[in-house]
Amino acid sequence: MTPLRMTVAVVLIVAASPAYCAPEDARLPDARYLGTSPDIDVGGFIHNARSQPDVTNELLRDLYKSIALPRLFDGLDIQPKVFEVDTAGAAGGALGLAYKFSRALAFQEIGRFRNPLDLGLDVQANGNVAFSRNLNPADFLSTSASITARQFVSGLNDIAVAGAEVDSMTALEVAAANFDGAPAELEASPEWRAFKDRLSAVLAKAGTEILWQFGANAALESNQAFTTKQYAYGGAAGLAIRDWHTQGLFHIFDYPFAIVRVLSGAEPSFTPRGDACPSMLLGIDIVDPKDNKNRAVLSGGAKTYPRFRSELQTRARVAKIGDAIMWLDADWRVFQELGASDVIKNANQNVFSYFVATLEMGHGLLGSYANGRLPFDQQATSHWELGWQFKLGE
Amino acid sequence: MAATNFEWNTNSLACVHTWAFLRGLGEFDNVFSTAGDLEMDELAYWSDVATPALQNVSARALAARLDRIFVKALLAKYEQGSSRTSALDALTTVLAKGKSSVQDLAETVDANYNFRGELK
C-alpha cells in the first residue's frame, strides 16, 4: 500500500462548446472524456488542462452555464475531479467527482424570544465518487435528514438607530460603490473609511455572535458502490462563532494566519481576526450496521452500537496576490465507537479520523492535502491534490 | 445563474447594501463593479471541504447576520408576503449554493427587504 498518493483535481471539459475556439496546437481533451472509458489518457488530459488554466476555466464556465438542472437539484454542488494515483510505482488515473447537496424543506419560528428561535427540517448529502471505485481516496457517502432548533445570538437584536443615521450611512455606501479604482485604493478612500468606521461601531454592539443548533437526524452511510451500508440515528449540535471585538479569546485561532499575512505582505501589521474560530458539529448516533458485512464478520453479527462524531472546520486568509485572496480551508472529522469491544479495537475499527486542508484562490489554483480514513476504510491513507476546481449545478 | 432582469448596479440599494456589508464583514475585497459576479465559493464563509451539515451552519449564520444588519441597523422592512423566517430561508438557500453569485444574493435581498429610501 502506498502511503502517499498524488492526485490531481482538475476538470471535465467539453471542447464542443460553441464559445470556445481552441488553438491548433492545444491538445485539450474532448467530449469523449466525459465517458467512463478505462482508456482515458489522464496524463495527457491533466497536462493539457494544467498548461492552459485560463482556457480550461473559461471552458468550464461555458459548460456550467449550458447546463440547466431541474429545480429539484437546487442546492447541488458538483466538483469534477481527476485522480492521478501513483500506486507501487505504477501511475494511473480515474475521473470522478465530489458532490454536496443541501436543502431546507421547512423553517418555522418557535416562541417569542429576544434572539429568535427557529425550527427547521433539512436534507443533506455529500460524497466523493471515482469512476474507478478502487481509486477513490475517500469512499464514504452520507445522505441524511434532520430536524433542528437553532438560534442566532447577537447584540444587534438590542440596537436602536435613528433614520438619519441610516440615511447618512447609506450615502457613504453609495459613494463607496461608485468609487472608481482598485480595491486597495477603495480601502484608503475617505468614503470607504467613513463607512467602515460606522460599520465597526455597529459590529462592536453585535459583540460575539453565536449561531447554535441542536436536533435529531437520520442518515444512510455507504461506500460508492453501495455494497457496504449502515444507518445512523441520533442527535447533533452545531456551533458557529464570530467575534467582532478588536481583540478577544476567539482571535487566537487566527494568530498563525495573521503571522503568515504579515510575512506575505498581505497586511502591514499583525492583525488577528475574529472570524477564524472553527465551526463545529458534535453528535452521538446509534449505528445500525445491518448491511456492513465487514462489521458483521468482526462483531459476530450486525449489532447496533453507539458512536460519537465530530467535525471542526475553519477558513482563513493567508495571503493576497494582486487583488486575489488566498484561503486556507481545513476540516477534521472524527467517528469514534463508544464502548467498543476488544475485537473491534484490535481490528482498528473503533476510531476513524479524516483531515483535509486546501489552499485556494477563487476558481484558480487548488492545492489539497488529506490524511486519515472515513468509516468503511480499512486503512488510513494520505493524498495530495493539485490543480483547478470547478463546480456544476444550477 | 439568475435568469431575471435584475441588474447589478449602484442604483439598487439591495446591490449596494449587499456589496457594502459583505465587503465590510470581510467576505471579499472586490470593488462594487467586480463583486456582482463573485460566487459564494469565493467568499470567506464558504468551505469546500466541510460536510453540507457544517457548511449550512456557516451559511445560516451569515444569513442571520445580514438579516439583523438590514432590519436593525438599516431599519429595513420585510417586503409584503415576506417575513423573517422566509427571508432567512431565501438567503440561506442562495448562500448554501457554491455557484450562486453575489448578484443572485442581492436579487434575493431585493425580493425580501424594503430599504429606507428605496424606490418601488
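Residues numbered from 1 in each chain as written. Chains lettered and ligands numbered in written order. Predicted model: local features only at pLDDT ≥ 70, side-chain atom pairs only at ≥ 80, totals over all residues. Heavy atoms only, no water.

**Regarding the overall build of chain A**
When you go through chain A residue by residue, the secondary structure sums to eight helices and 13 strands. Out of the 394 residues in chain A, the part that is buried amounts to 50%. In chain A, the share of contacts with a sequence separation of at least 24, taken over all contacts with a separation of at least 6, comes to 62%. For chain A, the exposed area adds up to about 18,300 Å²; of that, 60% sits on carbon and sulfur atoms. (Helix = DSSP H or I, 4+ residues; strand = E, 2+ residues; numbered from the N terminus. Buried < 20%, exposed > 50% of the residue type's maximum accessible area, 1.4 Å probe, protein only. Contact = heavy atoms within 4.5 Å. Areas by Shrake-Rupley, 256 points an atom, 1.4 Å probe, with all protein chains shown as cover.)

**A few points about the nonpolar core**
B:W19, B:F21, B:F70, B:Y113 and B:F115 are the most contacted members of the largest nonpolar core, which has 66 residues in total. Going through the elements one at a time, helix 3 (163-177) and helix 5 (190-206) of chain A together with helix 1 (13-24), helix 2 (32-35), helix 3 (52-73), helix 4 (84-95) and helix 5 (102-112) of chain B are the ones with two or more residues in this core. For this core, the leading source of residues is helix 3 of chain B, giving 12 residues. Residues within four places of B:F70 in sequence aside, it is in contact with B:H17, B:L75, B:A76, B:V109, B:Y113 and B:F115. One finds A:A138, A:F140, A:A370 and A:F376 within the second-largest nonpolar core, a separate group that totals 10 residues. (Core = buried A, V, L, I, M, F, W, Y, C linked by side-chain atoms within 4.5 Å.)

**Notes on the interface of chain B and chain A**
Frequently, the measure chosen for interface size is the accessible area that the parts lose on association. At the junction of the two partners, chain B supplies 54 residues and chain A supplies 82 residues. With both sides pooled, the region where chain B packs onto chain A buries about 5,900 Å², and carbon together with sulfur makes up 58% of that total. If you sort the residues of chain B by the area they bury against chain A, B:V49, B:R60 and B:K99 come out on top, with a joint share of 11%. B:E27 is the salt-bridge partner of A:R242, the closest N and O atoms lying 3.4 Å from each other. Counting only elements with at least two residues in the side of chain B that touches chain A, the list comes to helix 1, helix 3 and helix 4 of chain B. Looking at the side of chain B that touches chain A element by element, the count peaks at 15 residues for helix 3 of chain B. Considering only residue class, the side of chain B that touches chain A consists of 27 nonpolar, 11 polar and 16 charged. (Buried area = accessible area lost by both parts, 1.4 Å probe. Salt bridge = Lys/Arg side-chain N within 4 Å of Asp/Glu carboxyl O. Nonpolar A, V, L, I, M, F, W, Y, C, P; charged D, E, K, R; others polar.)

**Focus: the confidence of the model for chain A**
Residue and element names in this part refer to chain A. Summarising the model, chain A shows a mean pLDDT of 77, and 73% of its residues fall at 70 or more. The weakest mean pLDDT in chain A belongs to strand 1 (residues 4-7) at 30; the strongest belongs to helix 3 at 95. Low confidence marks residues 1-40, where pLDDT is under 50. Its contacts with residues over four positions away, or in another chain, come to 104 contacts. Counted against residues more than four places away or in other chains, residues 390-394, with its pLDDT under 50, gives 36 contacts. (pLDDT = per-residue confidence, 0-100.)

**Topic: the packing of helix 5 of chain A against helix 1 of chain B**
Helix 1 of chain B packs onto helix 5 of chain A with a crossing angle of 70° between their chain directions and a minimal axis gap of 11 Å. For the element pair helix 5 of chain A / helix 1 of chain B, the angle class is roughly perpendicular. Residue-level inspection shows A:W192, A:F195, A:K196 and A:L199 of helix 5 of chain A in contact with helix 1 of chain B, the latter providing B:W19, B:A20, B:F21, B:R23 and B:G24. Taken together, the residues that form the contact of helix 5 of chain A with helix 1 of chain B break down as six nonpolar, one polar and two charged. (Axes fitted to C-alpha atoms, helices over the stretch in contact; angles between N-to-C directions. Parallel < 35°, antiparallel > 145°, perpendicular 65-115°, else oblique.)

**Observations regarding unusual backbone geometry**
Residue and element names in this part refer to chain A. Of note, the phi angle at F226 is positive, near 60°, even though the residue is not glycine. Along the chain, F226 turns up in the loop between strand 6 (208-222) and strand 7 (229-243). Even without being glycine, N348 reaches a positive phi, approximately 60°. Mapping N348 onto the fold places it in the loop between helix 8 (342-346) and strand 11 (351-360).

**Considering a nonpolar patch on the surface**
Together, A:L249, A:I252, A:Y255, A:I259, A:L263 and A:F270 line one region of the surface with nonpolar side chains, adding up to about 630 Å² of accessible area. With respect to the secondary-structure elements, A:I259 resides in helix 6 (residues 255-263). (Patch = residues over 30% accessible without salt bridge, like charges linked within 9 Å, V, L, I, M, F, W, Y side chains within 5 Å.)

**Quick notes on helix 5 of chain A**
For helix 5 of chain A, built from 17 residues, the straight-helix expectation of 24 Å at 1.5 Å per residue is met to within 8% by its first-to-last C-alpha distance of 24 Å. Once helix 5 of chain A ends, the next one or two residues include A:G207, with phi positive near 65°. (Expected span 1.5 Å × (residues − 1).)

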